[in-house]
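Fold and contact review
The residues making up each chain are set out below.
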Amino acid sequence: MEEEIKAEFKRSGFALDDEEEILKKCLTFCINYNLKSSDLVSSWEVYYLNRQLDESTVRNAEMDGFLLHLQNEQKEAVVKEEPNLYIYSSKDVDMILNYDEEDMKEEIPGTPTDKYLKLNSEPFDSTPKSYGNGYSSGKPSKLVTPFGRRTDKFVVKFNINSLPVVENNDVEHDHGNLEDEIIKRAPPCKKCSLMIHRLGPEPGCRFMYDRIEDRFNALENRIRKHATVLCASGLYEEPMDPTVASQRNIFAVGMICCDGEGRLNEKSIMLQSSVEHSGGRNVRLELHNLSQFSIFPGQIVGIEGQNPSGHCLIASKLVDSVPLSAIAAVNQHPTKKQALDLVVESTDSSYVQKEISALIASGPFTTTDNLFFEPLTELLAYASRKLPQLLVLMGPFVDSEHPEIKKGAVDRSFDELFSQEILRRLQEHVEYAGSDVRVILVPSIRDAQHDFVFPQPAFDIHLPNLKHQVKVGCCTVDILKQMSGEEMSRNPTDGTPSDRMSRLANHIISQRSFYPLYPPAEDIPLDSSLAPEALDITSIPDILILPSDVKYFIKVLTLGEGEEQRKCICINPGRLAKGEGGGTFAELNYQGSPDKMKASIIGI
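A brief report on the enclosed structure follows. Small disclaimer: the values here were computed from a predicted structure and weren't measured.

**Section: the sheet that holds strand 7 (residues 246-258)**
By definition, the strands of a sheet pair up through backbone hydrogen bonds, in either a parallel or an antiparallel sense. On the basis of which strands lie adjacent, the closed barrel formed by 5 strands has the order 7-8-9-12-11 and mixed pairing. Within this sheet the neighbouring strands show an average axis-to-axis angle of 55°, counted without direction. Its contacts with the sheet put helix 8 (residues 212-232) on strand 7, strand 8 (269-273), strand 11 (300-307) and strand 12 (312-319), and the angle it makes with strand 7 is roughly 140°.

Spelled out as structure tokens, the structure:
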């Protein structure tokens, strides 16, 4: 079986460092946890992505961490099969031992007592609160939660700082007093205005009515748009039918797809061209002549190559991005529902982008052991201290995957939870911070109180119609994690390191779509009949926000070449709550370009 494990690692593009020792340990893992070699390698890929390991080499030093990852996967599988089973941890033992005798008795939910309200009065510590006649968790509690007992509060996990030292003095000084007992109000920030461009579905729309024709048209339009833009660049000839036998080099545009179920491999790559050029037929694609590439199902690419037999297109060049100069030549619609254009007011035509300060956080906004929404409370306390111009919050807000909600153990409706726990807190923050602060809420398909469809209708927000200066695009679907599980790539033979997360984020921009993957993941309710262009990216955003379960990051993406080169800041703020503990959020101070900005990932 060791040879099977070795072959499976090689098939997935991984090399083994200490081969003999690693294979022995992997064999032990397979026996102990009843895993196939393919299952083991799939688990390693998840571990590899979460740890953001730089090179595709399996090292013996990572085996202990990989073992813990496998144990957690097994525990999650057991809990999923038996939802009523609870696996106790040391945190549970500590909480039980800290119970007073009176705490062990049943109490009738009611108004919180003064003693309860005095718990954790520290400004950056959240206190569970109740509304009406019951507590958020359904039971009153006098215990400090595991989240409330954390020690590493507001620690900077990652930082990029390209601001001049003189301009950054105040910021550094401010970070030193995070644990002050009294939050001092920051100087009022400059007001920024917002404009949202969208052609997405409207609130209250009907969904689950998409037809096969709608899905076909959505794919066909993507292929035709890419073909039009590539031709308009003048760098490529008119696309031809890749399924016709030809001894000469041809240029074709089509969508990468897989011949059958499962992941892409070198023998299963197919290219499906448009109806206009090939009647929608597909042909096998051979990439063995390419030194490097990165592809995934649903990706629209241009291929230069030959098809001597009519059955296999042998590629000599793969074009996976659209020239920036050609985009302006093609008439396209404004950016849509998922792309937010954030603007700073100006009457001067020669206006230069000003500073934008923002806090960016992605749900869940409460820990899995209760519905107190403590991480959200502490985030708003931090925002009240910093007073950023923008507070960008991305769902889920009322998480449908929360254990209490899945069990139906909540005595309020989802809309009431959203109103009382989220909107009420945000309203209090805006009243404190003043009208100059803007709050943006982006829904998620995991929001229990919102429509389960993608693309989603936006929350009902009324904004002024002003011209934009800084563009921010965001999507709450975890496209990075899904694409990482489907991507097939070949690294350069010269050993040049490749940053996988930057590569995946570049795919999203080069494909001009917030969700270029096709077919979509099983848990994505993609409805092609709802605003088929709602996911298009028609201009490169200055800031791209992609919240994901993979490890947080801030990266500067470089797009295009030479004079056309553009830069884009890509941010994965992580999740504000992780299990029973705190997660991370992002703080951004942007002054017109990626070369003049400060961005940090901060633990809540």
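**Some remarks on the packing of aromatic side chains**
Between two aromatic rings, the relevant description is the distance of the centres plus the angle of the planes. Scanning all chains against the criterion turns up 14 aromatic pairs. The interplanar angle of 70° and the centroid separation of 6.0 Å between the aromatic rings of Phe29 and Phe66 together place this pair among those described as edge-to-face. With Phe29 in helix 2 (residues 19-33) and Phe66 in helix 4 (residues 63-81), this residue pair connects regions lying 37 residues apart in the sequence. When the ring of Phe365 is compared with that of Phe397, the centres are 5.2 Å apart and the planes differ by 5°; the resulting orientation is stacked. Of the two residues, Phe365 is situated in the loop between strand 14 (356-362) and helix 11 (374-386) and Phe397 in the loop between strand 15 (390-394) and helix 12 (403-407); the sequence distance between them amounts to 32 residues. Residue Phe365 is classed as buried on the basis of its relative accessible area, which comes to 0%.

**What to know about the nonpolar core**
Core analysis: the biggest nonpolar cluster contains 50 residues, and Phe9, Leu40 and Trp44 have the highest contact counts within it. For this core, the secondary structure elements donating two or more residues are helix 1 (2-11), helix 2, helix 3 (37-51), helix 4, helix 14 (479-486), helix 15 (500-510), strand 20 (553-559) and strand 21 (566-572). Residue-level mapping places this core at the junction of two domains, with at least three residues from each of domain 1 (1-80) and domain 3 (355-488 + 499-603). Apart from the residues within four sequence positions on either side, Phe9 is in contact with Phe14, Leu16, Cys26, Val41, Trp44 and Val58. Grouped together as the second largest cluster of nonpolar side chains are 28 residues, Phe147, Ala361, Leu371 and Ile422 included.

**A closer look at the pattern of salt bridges**
Under the criterion given, the structure shown has 27 salt bridges. A salt bridge links Asp17 to Arg59; the shortest N-O distance between them is 3.4 Å. Highlighted residues: Asp17 in the loop between strand 1 (15-16) and helix 2 and Arg59 in the loop between strand 2 (57-58) and helix 4, separated in sequence by 42 residues. The class for Arg59 is partly exposed, based on a relative accessible area of 31%. Each of the salt bridges in this network shares a partner with another, and the network as a whole consists of Arg211, Glu213 and Asp214.

What counts, and at which threshold
- Residues numbered from 1 in each chain as written.
- Predicted model: local features only at pLDDT ≥ 70, side-chain atom pairs only at ≥ 80, totals over all residues.
- Heavy atoms only, no water.
- Pairing = 2+ DSSP bridges.
- Helix = DSSP H or I, 4+ residues; strand = E, 2+ residues; numbered from the N terminus.
- Axes fitted to C-alpha atoms, helices over the stretch in contact; angles between N-to-C directions.
- Contact = heavy atoms within 4.5 Å.
- Phe/Tyr/Trp six-rings, centres within 6.5 Å; stacked < 30°, edge-to-face > 60°.
- Buried < 20%, exposed > 50% of the residue type's maximum accessible area, 1.4 Å probe, protein only.
- Core = buried A, V, L, I, M, F, W, Y, C linked by side-chain atoms within 4.5 Å.
- Domains from an automatic or database assignment.
- Salt bridge = Lys/Arg side-chain N within 4 Å of Asp/Glu carboxyl O.

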